[in-house]
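Listed below are the residues making up each chain.
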Amino acid sequence: MKPIFVRGISNQFRLTLAILLSVTLLLSNERIEPYRESLSSLLSPLQYLANVPGAALDWTAESLATRDMLSRQNKELLRQQLLMSERLQRFEHLRQENDRLRSLLGSPVHMDARKMVAEVMEVASDPYHHYVVLNHGAQSGVFVGQPVVDAQGVVGQVVQVSALTSRVLLISDASHGIPVRVTRNDVRLMAQGTGVLDEIELQHVAKSTDVQVGDLLVTSGLGKRFPEGYPVARVMQVVREDGQNYARITAQPLAALDRIRYLLLIWPDPQEEEEVQGQEPQSEKEAAQ
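Residues numbered from 1 in each chain as written. Predicted model: local features only at pLDDT ≥ 70, side-chain atom pairs only at ≥ 80, totals over all residues. Heavy atoms only, no water.

1. Quick look at the packing of aromatic side chains
Piece 1. Overall, the coordinates contain zero aromatic pairs when judged by the stated rule.
Piece 2. A cation over a ring is seen here: Arg114 above Trp267, with NZ or CZ 3.9 Å from the ring centre.
Piece 3. The aromatic ring of Tyr131 is capped on one face by Arg167, whose charged end is 4.1 Å from the ring centroid. (Phe/Tyr/Trp six-rings, centres within 6.5 Å; stacked < 30°, edge-to-face > 60°. Lys NZ or Arg CZ within 6 Å of the ring centre and 35° of its normal.)

2. Considering helix H2 (residues 33-63)
Piece 1. Helix length check: H2 (31 residues) gives 44 Å between terminal C-alpha atoms against 45 Å at 1.5 Å per residue, within 8%.
Piece 2. Leu43 marks where H2 bends most, by close to 35 degrees; the proline Pro45 follows one to four residues later. (Helix = DSSP H or I, 4+ residues; strand = E, 2+ residues; numbered from the N terminus. Expected span 1.5 Å × (residues − 1). Bend = angle between axes of the 7 residues up to and from the residue.)

3. Quick word on the pairing of strand E4 (residues 154-161)
For a regular strand, side chains alternate in direction, first toward one face of the sheet and then toward the other.
Piece 1. Burial within E4 is extensive, with seven of its eight residues counted as buried.
Piece 2. In this structure, strand E3 (residues 147-149) lies alongside E4, joined through three bridges in antiparallel fashion. Looking at E4, one finds that Pro147 is bridged to Gln157.
Piece 3. The turn joining E3 and E4, which pair antiparallel and follow one another in sequence, is formed by four residues.
Piece 4. Judged from the five bridges that link them, E4 and strand E5 (residues 166-170) form a sheet pairing that is antiparallel. Residue pairing across strands places Gly156 opposite Leu170, the latter belonging to E5.
Piece 5. Between the antiparallel neighbours E4 and E5 lie four residues. (Buried < 20%, exposed > 50% of the residue type's maximum accessible area, 1.4 Å probe, protein only. Pairing = 2+ DSSP bridges.)

4. Regarding the pairing of strand E10 (residues 231-239)
Piece 1. In terms of strand pairing, strand E9 (residues 216-219) meets E10 through three bridges, oriented antiparallel. Bridge assignment links Leu217 to a residue of E10, and that residue is Ala233.
Piece 2. Note that E10 and strand E11 (residues 246-253) share six bridges and pair antiparallel. If you follow Val235 over to E11, its bridge partner there is Ala251.

5. A short note on the side chain of His136
Piece 1. By the secondary structure assignment, His136 is in the loop between strand E2 (131-134) and E3.
Piece 2. A distance of 3.0 Å separates the side chain of His136 from the side chain of Ser140, its partner in a polar contact.
Piece 3. When neighbours within four sequence positions are excluded, His136 is seen to be in contact with Tyr48, Met116, Val117, Ala118, Val142, Leu164, Thr165, Ser166 and Leu265. (Polar contact = N/O pair within 3.5 Å; in protein donor to acceptor, adjacent residues only side chain to side chain. Contact = heavy atoms within 4.5 Å.)

6. As for a nonpolar patch on the surface
Piece 1. Residues Leu39, Leu42, Leu43, Leu46, Leu49 and Val52 make up a contiguous nonpolar surface patch of roughly 600 Å² in combined accessible area.
Piece 2. Mapped onto the secondary structure, Leu49 falls in helix H2. (Patch = residues over 30% accessible without salt bridge, like charges linked within 9 Å, V, L, I, M, F, W, Y side chains within 5 Å. Areas by Shrake-Rupley, 256 points an atom, 1.4 Å probe, with all protein chains shown as cover. Salt bridge = Lys/Arg side-chain N within 4 Å of Asp/Glu carboxyl O.)

7. Concerning the pattern of salt bridges
Piece 1. Within the structure shown, the criterion is met by eight salt bridges.
Piece 2. With a closest N to O distance of 2.9 Å, Arg184 and Asp215 form a salt bridge. Of this pair, Arg184 sits in the loop between strand E6 (177-182) and strand E7 (188-196) while Asp215 sits in the loop between strand E8 (199-206) and E9, placing them 31 residues apart in sequence.

8. Re the sheet that holds E6
Piece 1. Around the barrel, which closes on itself, the six strands sit in the order E6-E7-E8-E11-E10-E9 with antiparallel pairing between neighbours. Going from strand to strand, the sheet's axes swing by 45 degrees on average, the running direction of each strand aside.
Piece 2. Bridge count between E7 and E8: four bridges; the pairing is antiparallel. Within the sheet, the bridge partner assigned to Gln192 lies in E8 and is Glu201. (Axes fitted to C-alpha atoms, helices over the stretch in contact; angles between N-to-C directions.)

Okay, structure coming up:
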């Protein structure tokens, strides 16, 4: 006959055991990192399998598109093509003029970087971290610290690579920092993520610094992590309070971080690629900066 009251493990023992396990994991985090990367590579095929239903639904939706919808999309694409062609004609003139100025100044001309289109397979479910998983990894030449952009601007950088996938930390993450400059006056600043998808902040900016609402921020090229000249954000608010040495400046990322699907992986110039790949960060936060 079973006793009516059964005494189980005490709550104090459970709490003590949980604390000991937590401390053990914290102390052994660096040692288990190689095993975590190996496990990530082993689980990469499962991520592809999990992405199959979504890809099948997308294919079905595209197959069921009506003829009228395709006709309207075709007209819109033709219109956009004409607009882009006109812009390319103007940009070609500016490029030629820029080449002439560089030759006069003796400045080297940047080579076109290698690029690769990648698709987002997974979005972070953790509200305290902003990252996405792409369908390209080490087998495609992706490396830690590689810059990632979309059609509007900088999205982030690669912080973890497995054989078939890679993890990209978004510029809105609180641990991510990126050196930028103001296109209006070439003032160089540091943009830091705030944990909010549509907001980043400029830190340690003196009140006398010439920064205005509407200023466009682009990558400055400092640190040789992000190529120079890629759009990052636009200044939305500048607050200068009496009694404070620094101004509070917030900006909105130009990239649509809440609805990204296709991204562009960028490689550095051939002469700089070996140097960038040899710079392995000590931690995830250092990689972001």
